[in-house]
Amino acid sequence: MHLVLISGLSGSGKSVALKVLEDANYYCVDNLPSQLLQQLVGQLELQGYDKVGVVIDIRGGESVAMLPLQLDALRANDLDLQFLFLDAQDSTLLKRYSETRRRHPLASDELTLVEAIAEERVRLAGLSALGHHMDTSALKAGVLRQWIRQFVSLKSSAVQHQGLTLLFESFGFKNGTPLDADLIFDVRCLPNPHYDLSLRPLTGLDQPVIDFLEIEPEVLRMRGDIACFIRTWLPSYVRDSRNYLTIGIGCTGGQHRSVYFAEWLGRAFRDSACVLIRHRELPATSNSPARP
């Protein structure tokens with residue numbers, strides 16, 4: 001059985017993620033109390049289900065605190081398990097609740113929406129490091145759906161690299177730093193293709209932009225330094241039993257330099273880990289699939 005567990009902040013996109021799994025023929029369960037998880041898995045295995053998606057979050061009350069123990073028990077049984085934690089900046093969550101006019105699960109006469117979000121973040125703080133932490137703040141629904149599909153597709157190729165997935169994510173500092181990044185490298189000090197009018201409408205995926213950057217010695221030196229740092233410390237992250245290591249590469253707008261660096265680094269490490277490349281500021285079709 002392939003089990004995908006989803007948790008995270010209310011309003012971060014868990015319903016979108018579960019719908020992606022449902023469309024991929026997963027048996028999906030929303031708002032399951034965590035103490036029922038092993039019972040559910042056992043029952044569905046007896047019934048012959050081989051793909052299951054489950055959302056466990058703050059709506060289950062205090063039972064969500066038991067989720068780490070449930071994860072340990074399931075992993076001890078060699079279950080093919082992926083855990084996804086969705087997150088978003090407070091300002092994004094407030095905007096989403098304002099637009100949908102839905103009630104936060106923790107909101108009450110005693111707690112405002114801002115306080116409810118803060119309380120939920122405290123209660124879920126221990127979960128985000130247990131699996132893949134994904135920041136949905138700047139993502140449109142189409143991009144999020146694609147990123148979820150990519151995440152689920154990693155299970156087979158990750159096995160070839162002792163379970164480690166190395167994720168390179170380009171972003172623009174003008175839209176904030178990603179919450180899910182374990183390491184962040186700032187490439188704003190490098191020559192900017194934006195100021196070349198012929199390159200401005202292009203991205204770091206386009207050959208003219210690549211050519212512009214690769215004639216700059218500083219670009220070549222920085223990409224080599226970043227690659228050296230990652231290669232030096234990657235074994236330590238593996239020994240730390242990391243399943244995912246997210247590396248953010250940021251420039252001003254997230255269109256040229258950071259995109260080029262994410263793509264180049266992804267190719268450089270494709271033999272060392274299961275590699276995924278994401279471009280937060282580009283359309284969904286620009287994000288690269290998983291690479292063995």
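The notes below deal with the structure included here. (Residues numbered from 1 in each chain as written. Predicted model: local features only at pLDDT ≥ 70, side-chain atom pairs only at ≥ 80, totals over all residues. Heavy atoms only, no water.)

## A look at the overall build of the protein chain
On a plain count of helices and strands, the protein chain comes out with 9 helices and 10 strands. Relative to the compact-globule value of 19 Å for 292 residues, the protein chain shows a C-alpha radius of gyration of 20 Å, a close match. The burial tally for the protein chain puts 49% of its 292 residues in the buried class. Long-range pairs, those at least 24 residues apart, make up 77% of the contacts in the protein chain with a sequence separation of at least 6. Positive and negative side-chain charges in the protein chain, numbering 30 and 34 respectively, have mean positions lying 4 Å apart. (Helix = DSSP H or I, 4+ residues; strand = E, 2+ residues; numbered from the N terminus. Rg over C-alpha atoms; globule rule 2.2 N^0.38 Å. Buried < 20%, exposed > 50% of the residue type's maximum accessible area, 1.4 Å probe, protein only. Contact = heavy atoms within 4.5 Å. Lys, Arg positive; Asp, Glu negative; His and termini not counted. Charge placed at Lys NZ, Arg CZ, Asp CG, Glu CD.)

## Details of the environment of L5
Inspection of the secondary structure assignment puts L5 in strand β1 (residues 2–8). Using a relative accessible area of 1% as the deciding quantity, one classes L5 as buried. Sequence separation of L5 and L84 is 79 residues, and the distance between their C-alpha atoms is 6.2 Å. Excluding anything up to four places from it in sequence, L5 contacts L37, V54, L67, L71, L74, L81, Q82, F83 and L84.

## Comments concerning the pattern of salt bridges
Once their charged atoms are close, side chains differing in charge can pair, the charge on each being opposite to the other. Going through the model one piece at a time under the given rule, you end up with 12 salt bridges. The salt bridge partner of K14 is D57, with a shortest N-O separation of 3.6 Å. Taken together, the residues span a long stretch of sequence, with K14 in helix α1 (residues 14–23) and D57 in the loop between β3 (51–55) and α3 (67–76) at a distance of 43 residues. Each of the two residues, K14 as well as D57, counts as buried. Where R121 meets D90, a salt bridge forms, and the shortest distance between an N and an O atom there is 2.6 Å. Placement of the pair is R121 in helix α5 (residues 113–123) and D90 in helix α4 (residues 90–100), with a sequence separation of 31 residues. On the basis of relative accessible area, R121 is assigned to the partly exposed category, the value being 27%. (Salt bridge = Lys/Arg side-chain N within 4 Å of Asp/Glu carboxyl O.)

## A few points about the packing of aromatic side chains
Under the counting rule described, the total for this entry stands at 6 aromatic pairs. Seen in terms of ring centroids, F151 and Y244 are 5.7 Å apart; in terms of plane orientation they differ by 35°. Their pairing is tilted. Of this pair, F151 sits in helix α6 (residues 141–159) while Y244 is found in strand β8 (residues 244–251), placing the two residues 93 residues apart along the sequence. Judged on exposure class, the residue F151 and its partner Y244 are both buried. Relative to F269, the ring of F168 lies with its centre 6.0 Å away and its plane at 40°, an arrangement referred to as tilted. Within this pair, whereas F168 is found in strand β6 (residues 165–172), its partner F269 is found in the loop between α9 (257–268) and β9 (274–279), the two being separated by 101 residues in sequence. Across the pair, F269 and F168 agree in class, each one buried. (Phe/Tyr/Trp six-rings, centres within 6.5 Å; stacked < 30°, edge-to-face > 60°.)

## So, the nonpolar core
Ranked by internal contacts, the top residues of the largest apolar core, which has 30 residues, are L166, F168, I247, F261 and F269. Those elements that place two or more of their residues in this core are β6, β7 (183–186), α7 (207–214), α8 (217–239), β8, α9 and β9. With 7 residues, α8 is the single largest residue contributor to this core. (Core = buried A, V, L, I, M, F, W, Y, C linked by side-chain atoms within 4.5 Å.)

## Overview of the pairing of β8
Each regular strand shows side chains that alternate between the opposite faces of the sheet. Among the 8 residues of β8, 8 are classified as buried, and the element is accordingly described as predominantly covered. By the alternation rule, side chains of β8 split into Y244, T246, G248 and G250 and L245, I247, I249 and C251, which are all buried. Judged from the 8 bridges that link them, β6 and β8 form a sheet pairing that is parallel. The residue bridging F168 from the neighbouring strand is I247, located in β8. (Pairing = 2+ DSSP bridges.)

## Brief notes about the packing of α8 against α9
Running from amino to carboxyl end, α8 crosses α9 at an angle of 50°, the nearest separation of the two axes being 11 Å. Here α9 runs oblique to α8, going by the angle between their axes. Along this stretch, α8 crosses α9, giving a crossing that reads as right-handed. Between α8 and α9, the residues in contact are V219, M222, R223, I226, A227 and R231 and Y260, F261, W264, L265 and A268, respectively. (Axes fitted to C-alpha atoms, helices over the stretch in contact; angles between N-to-C directions. Parallel < 35°, antiparallel > 145°, perpendicular 65-115°, else oblique. Left-handed = near helix turned anticlockwise from the far one by under 90°.)

## Regarding the environment of K174
Here K174 is to be found in the loop between β6 and β7. For K174 and S91, which are 83 residues apart along the polypeptide, the C-alpha to C-alpha distance reads 15 Å. Other than its neighbours up to four places away in sequence, K174 contacts T252 and G253.

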